[in-house]
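# Report on the structure
Take a look at the letters that make up each chain.
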Amino acid sequence: MQIIRSTPDMRAIRQDWRQAGGKVVLVPTMGALHDGHLSLVARARDWLDEQGGGRVVTSIFVNPTQFGPNEDLDRYPRDEAGDLAKLRGAGCDAVFLPQVSDIYRPGAQTHVEVAGLGRILMGRLRPGHFRGVATVVTKLFNIAQPDAAAFGEKDYQQLTLIRRMVADLDIPVTILPVPTRREADGLAMSSRNQRLTPEDRAAAPVLARALDRGEALIADGAGVAQARRAIRDILRAEPRAEIRSIDIRDAEDLSRVTVPARPVVILLAVRFGDVLLIDQRVAHP
Ligand code: PAF
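The rules behind these values
- Residues numbered from 1 in each chain as written.
- Predicted model: local features only at pLDDT ≥ 70, side-chain atom pairs only at ≥ 80, totals over all residues.
- Heavy atoms only, no water.
- Near = heavy atom within 4 Å.
- Polar contact = N/O pair within 3.5 Å; in protein donor to acceptor, adjacent residues only side chain to side chain.
- Nonpolar A, V, L, I, M, F, W, Y, C, P; charged D, E, K, R; others polar.
- Helix = DSSP H or I, 4+ residues; strand = E, 2+ residues; numbered from the N terminus.
- Buried < 20%, exposed > 50% of the residue type's maximum accessible area, 1.4 Å probe, protein only.
- Pairing = 2+ DSSP bridges.
- Axes fitted to C-alpha atoms, helices over the stretch in contact; angles between N-to-C directions.
- Contact = heavy atoms within 4.5 Å.
- Phe/Tyr/Trp six-rings, centres within 6.5 Å; stacked < 30°, edge-to-face > 60°.
- Right-handed = clockwise from strand over helix to strand, strands pointing away.
- Core = buried A, V, L, I, M, F, W, Y, C linked by side-chain atoms within 4.5 Å.

Looking now at the site of the ligand. Inspection of the region around the ligand gives Pro 28, Thr 29, Met 30, Asn 63, Gln 66, Val 133, Val 136, Phe 151, Asp 155 and Gln 158 as its neighbouring residues. In the environment of the ligand, an oxygen atom lies 2.6 Å from a nitrogen or oxygen atom belonging to the side chain of Gln 66. One nitrogen or oxygen atom from the side chain of Gln 158 is found 2.7 Å from an oxygen atom belonging to the ligand. Taken together, the residues of the shell around the ligand sort by class into five nonpolar, four polar and one charged.

Laid out in structure tokens, this is it:
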């Protein structure tokens, strides 16, 4: 597995790969890898097999511009040696580990903002977050020049926003959505789970139970308000869960819905102590 630590090296290696032939899939991450990330690598590998072969490159970069001033940038888990071992085991071909100074150079004045999707839902809870995401993903696409890139469905708004950005800016990268991996008790895998206290970890599967109920109600023809109430009641019954948002939106463009006529996505953001967990489920009426 090649370890690439600078933008010029990434560009040079990409050029070599182009000459050697085959496609490239980028798996953008912020490290602290778990099985959910490894399923992104597996999806990338499957796509390459369908396309006649190529290389998977995973980027590990804790992107400062997507963290707000009171957010957990400093406490974000970092484990380079562990991450590299996992990626080797998963059959990743290369890892790109740029420095902050490599990605954000002094004097930079340009950023990418998906104006509508970036300001609603989590964008209201975390102002500037999606601008940071859209900017860094665009930069990673420009540096690694992948044919495709894999993103988890767990960060559903991020996935929707990146699809919109790629379409709006004619970026020639195929977006590969990857289903959420879950622990045995239903908790969605996330690097943030490491920071939960044992008591909060035991309580956190309430998100999956609330999503199960919401999905079942929508499937039975319930309206958004009724499904939302049922989800809220389940979450409120767990004293360790602090509800930040419960939204049920159109699964395609995240627009508001009252009576679902086509698939919707249930989006939850719930705090346990100082850890904000998100989860989602697509529900079919
Ligand atoms: O989903 C993430 O881990 C990050 O938001 C991403 C896409 C790697 C951009 O920093």
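Even without being glycine, Ala 32 reaches a positive phi, approximately 50°. Within the secondary structure layout, Ala 32 lies in the loop between strand 2 (23-29) and helix 2 (35-50). The exposure class of Ala 32 is buried, given its relative accessible area of 5%. Of note in the backbone geometry, Leu 254 takes a positive phi value of approximately 65° without being a glycine.

Before going further, it helps to spend a moment on the sheet that holds strand 8 (residues 264-272). Strand order across the open sheet formed by three strands is 7-8-9, with antiparallel pairing between neighbours. Of all strands in the sheet, those with a lone pairing partner are strand 7 (242-250) and strand 9 (275-283), marking the two edges. Neighbour to neighbour, the strand axes of the sheet diverge by 15° on average, direction disregarded. Sheet contacts for helix 10 (residues 224-236): strand 7 and strand 8; angle to strand 7, the most-contacted strand, approximately 155°.

Now for the packing of aromatic side chains. Counted by the stated rule, this structure contains three aromatic pairs. Each ring, one from Phe 61 and one from Tyr 104, has its centre 6.4 Å from the other, and the planes form 40°; the classification is tilted. Within this pair, whereas Phe 61 is found in the loop between strand 3 (54-60) and helix 3 (80-89), its partner Tyr 104 is found in the loop between helix 4 (100-103) and helix 5 (122-125), the two being separated by 43 residues in sequence. Aromatic side chains Phe 141 and Phe 151 sit 6.5 Å apart centroid to centroid with 70° between the ring planes, which places their arrangement in the edge-to-face category. Highlighted residues: Phe 141 in helix 6 (residues 129-144) and Phe 151 in strand 5 (residues 148-152), separated in sequence by ten residues. Considered together, Phe 141 and Phe 151 belong to a single accessibility category, that of buried residues.

Here the focus is the sheet that holds strand 6 (residues 174-178). Pairing is parallel across the open sheet formed by six strands, whose spatial order is 1-4-3-2-5-6. Two strands bound the open sheet, and with one partner strand each, they are strand 1 (2-4) and strand 6. Shown here is a sheet whose adjacent strand axes are inclined to one another by a mean of 25°, direction ignored. The pairing of strand 3 with strand 4 (residues 94-96) spans three bridges and is parallel. Its bridge partner lying in strand 4, Thr 58 is registered against Val 95.

Further remarks concern the pairing of strand 3. Here strand 3 lies mainly inside the structure; five of its seven residues are buried. Here seven bridges tie strand 2 to strand 3, and the two strands are oriented parallel to one another. Within strand 3, the position partnered with Leu 26 by the bridge is Val 57. Since strand 2 and strand 3 lie parallel, the crossover through helix 2 that links them has a hand, and here it is right-handed. What joins strand 3 to strand 4 is helix 3, and the crossover it makes is right-handed.

Counting residues in each nonpolar core, the largest one holds 42 residues, and the members touching the most others are Met 10, Val 57, Val 137, Phe 141, Phe 151, Ile 162 and Ile 175. Of all the secondary-structure elements, those providing two or more residues to this core are helix 1 (7-20), strand 2, strand 4, helix 6, strand 5, helix 7 (156-168) and strand 8. No other element matches helix 6, which puts nine residues into this core. Judged by nonpolar contacts, the second largest core, of 28 residues, contains Ala 210, Leu 235, Ile 248 and Leu 277.

With respect to the helices and strands, the residue Asp 200 is situated in helix 8 (residues 198-203). Assessed through its relative accessible area of 6%, Asp 200 is described here as buried. One polar contact links Asp 200 to Arg 240, side chain to side chain, over a distance of 2.6 Å.

Attention shifts here to the environment of Ile 162. Note on placement: Ile 162 falls in helix 7. Among the residues examined, Ile 162 registers a relative accessible area of 0% and is labelled buried. Separated by 51 residues in sequence, Ile 162 and His 111 have C-alpha atoms that sit 14 Å apart. Not counting the four nearest positions on each side in its chain, Ile 162 is found in contact with Val 133, Val 137, Phe 151 and Ile 175.

Function cannot be inferred from these measures alone, as they are strictly geometric.
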